[in-house]
Amino acid sequence: VHAIWHGHDLDASALSQTTIGILPLSQEASYVLKKGLSFHPFEGSANDESEQPRLVANLGPTNQFLLLEDHGPIVACPTIEEAFHGMYFLTRACKYQMKSFAAVGGDLSRINIPDDESTDEIMRR
């Protein structure tokens, strides 16, 4: 990892406040899920160096996305270009998902979530 990007996009931060995570509702979400998504519990402002080992452990050895619960996303990639693309796709996925939630009043049963077989096929592409 040579490039790390943390941000507070409104929709990504709002999604980090839910227990749902990113659902495979869009091509952008599929990209994020394929590159690997982890979660890190809220520990307050993420500026205490003692938190770094826990952030690294929760990201894991291969995942490129870490959703800080109740805070926002971190993207960790080999290059700045990949980090830019990753954050772009992550924030777009969150925007689509939050708009879907709003459109159905938060009722997940009214959202077209691909079944496991379809999700697997999407991830293979």
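As a reminder, the structure under discussion sits directly above these lines.
Residues numbered from 1 in each chain as written. Predicted model: local features only at pLDDT ≥ 70, side-chain atom pairs only at ≥ 80, totals over all residues. Heavy atoms only, no water.

## Points about the packing of aromatic side chains
Consideration 1: Enumeration over the complete set of coordinates arrives at three aromatic pairs.
Consideration 2: Between Tyr88 and Phe89, the aromatic rings sit 5.7 Å apart at their centres with planes inclined by 65°, giving edge-to-face as the arrangement.
Consideration 3: Taken together, the ring pairs in this structure connect Tyr31, Tyr88 and Phe89 into an aromatic cluster. (Phe/Tyr/Trp six-rings, centres within 6.5 Å; stacked < 30°, edge-to-face > 60°.)

## As for the environment of Phe89
Consideration 1: For Phe89, the position within the fold is in helix α4 (residues 80-103).
Consideration 2: Judged by relative accessible area, which is 23%, Phe89 ranks as partly exposed.
Consideration 3: For the pair Phe89 and Leu37, spaced 52 residues apart in sequence, the C-alpha to C-alpha distance is 13 Å.
Consideration 4: The residues touching Phe89, leaving out its near neighbours within four places in the chain, are Glu28, Tyr31 and Val32. (Helix = DSSP H or I, 4+ residues; strand = E, 2+ residues; numbered from the N terminus. Buried < 20%, exposed > 50% of the residue type's maximum accessible area, 1.4 Å probe, protein only. Contact = heavy atoms within 4.5 Å.)

## Observations regarding the pattern of salt bridges
In a structure, side chains of opposite charge can pair up when their charged atoms sit close to one another.
Consideration 1: Evaluation of the coordinates by the stated rule reveals five salt bridges.
Consideration 2: With a closest N to O distance of 2.9 Å, Lys95 and Asp9 form a salt bridge. Remark: Asp9 occurs in the loop between β1 (3-6) and α1 (10-15) and Lys95 occurs in helix α4; sequence separation between them is 86 residues.
Consideration 3: On the basis of relative accessibility, which here comes to 31%, the residue Lys95 falls in the partly exposed class.
Consideration 4: Residue Asp9 is classed as partly exposed on the basis of its relative accessible area, which comes to 21%.
Consideration 5: One salt bridge in this structure joins Glu43 and Arg54, with 2.7 Å as the shortest N-O distance. Of the two residues, Glu43 sits in the loop between β2 (37-40) and α3 (52-59) while Arg54 sits in helix α3, which places them eleven residues apart along the sequence.
Consideration 6: Given a relative accessible area of 34%, Glu43 falls into the partly exposed group.
Consideration 7: With a relative accessible area of 37%, Arg54 lands in the partly exposed category.
Consideration 8: Each of the salt bridges in this network shares a partner with another, and the network as a whole consists of Asp9, Asp11 and Lys95. (Salt bridge = Lys/Arg side-chain N within 4 Å of Asp/Glu carboxyl O.)

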